[in-house]
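One letter stands for each residue in the lines below.
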Amino acid sequence: VEFVGPQVGEELAHDGLTALAFVVVGIMIYLAFRFEWKFAVAAIIANLHDVIIILGFFAFFQWEFSLTVLAAVLAVLGYSVNESVVVFDRVRETFRDRRYGKLESPEVMNHAITSTISRTVITHGSTQLMVLSMLLFGGPTLHYFAVALTIGILFGIYSSVFVAAAVAMWLGVKREDLIKPVTVKDETDGAVV
């Protein structure tokens, strides 16, 4: 047991929130370069959804929020963005695949989610088994860390599939956002098509 004075506690809280802000900005920049701004915004909203849910549980049940829990929140952010990247990567592949050229954006998003759902269940299930072992056998030091991770993993699945995809659709993601039209000069009459 250790006692942290108000000045040190305030500094730790400030540093933790600063770290959280840097993580969110870094994830947004990464996704904007990797995909397109609509995907970046959708993933950030989904990730913030996870953070708000975790903080909501801790506030509602009056659980202790410590630096260990903050570390779990940061881990959930990384974990959740990975799931969003997997889904959005499949969206991009489907848009670029000529076999799916006639699919509209909602159908492409549905195909991406459906084709990654088994991977999602296996990944989250195996991670949740490890977190449950920390929750059951980790003692009081790891208890709230494991609780935050459990909440984050469960709602991370939900947000990656239902929140991120829905926000991307709401922002109007379409094939042209990811595949730029190619201009080709027609050799017969010199027209550009």
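Residues numbered from 1 in each chain as written. Predicted model: local features only at pLDDT ≥ 70, side-chain atom pairs only at ≥ 80, totals over all residues. Heavy atoms only, no water.

Brief notes about the overall build of the protein
For the protein, the helix and strand inventory stands at six helices and zero strands. Secondary structure elements of the protein, listed N to C terminal, follow the sequence α-α-α-α-α-α. Looking at the 193 residues of the protein, the share that counts as buried comes to 37%. Long-range pairs, those at least 24 residues apart, make up 74% of the contacts in the protein between residues at least 6 apart in sequence. Only carbon and sulfur atoms are counted for the fraction: they give 68% of the accessible area of the protein, which is about 11400 Å². (Helix = DSSP H or I, 4+ residues; strand = E, 2+ residues; numbered from the N terminus. Buried < 20%, exposed > 50% of the residue type's maximum accessible area, 1.4 Å probe, protein only. Contact = heavy atoms within 4.5 Å. Areas by Shrake-Rupley, 256 points an atom, 1.4 Å probe, with all protein chains shown as cover.)

Observations regarding helix H4 (residues 105-137)
With 33 residues, H4 extends 46 Å from end C-alpha to end C-alpha; this agrees with the ideal 48 Å at 1.5 Å per step. The largest bend in H4 is about 45 degrees, located at Ile117. Looking only at H4, the buried set comprises Ser105, Val108, Met109, Ala112, Ile113, Thr116, Thr120, His124, Thr127, Gln128, Val131 and Met134. Looking one or two places after H4, you find Gly139, whose phi comes out positive at around 80 degrees. (Expected span 1.5 Å × (residues − 1). Bend = angle between axes of the 7 residues up to and from the residue.)

Looking at the packing of aromatic side chains
Taken as a whole and judged by the stated rule, the model has 10 aromatic pairs. A centroid spacing of 6.0 Å and a plane angle of 55 degrees characterise the contact between Phe57 and Phe155, whose relative ring orientation is tilted. Of the two residues, Phe57 is situated in helix H2 (residues 37-60) and Phe155 in helix H5 (residues 139-170); the sequence distance between them amounts to 98 residues. We classify Phe57 as partly exposed; its relative accessible area is 28%. Here Trp63 and Tyr144 contribute two aromatic rings whose centre-to-centre distance is 6.2 Å and whose plane-to-plane angle is 40 degrees, an arrangement assigned as tilted. With Trp63 in the loop between H2 and helix H3 (67-96) and Tyr144 in helix H5, this pair connects stretches of sequence that are 81 residues apart. By way of ring pairs, the aromatic residues Phe57, Phe58, Phe60, Phe61, Trp63, Phe65, Tyr144 and Phe155 are connected into one cluster. (Phe/Tyr/Trp six-rings, centres within 6.5 Å; stacked < 30°, edge-to-face > 60°.)

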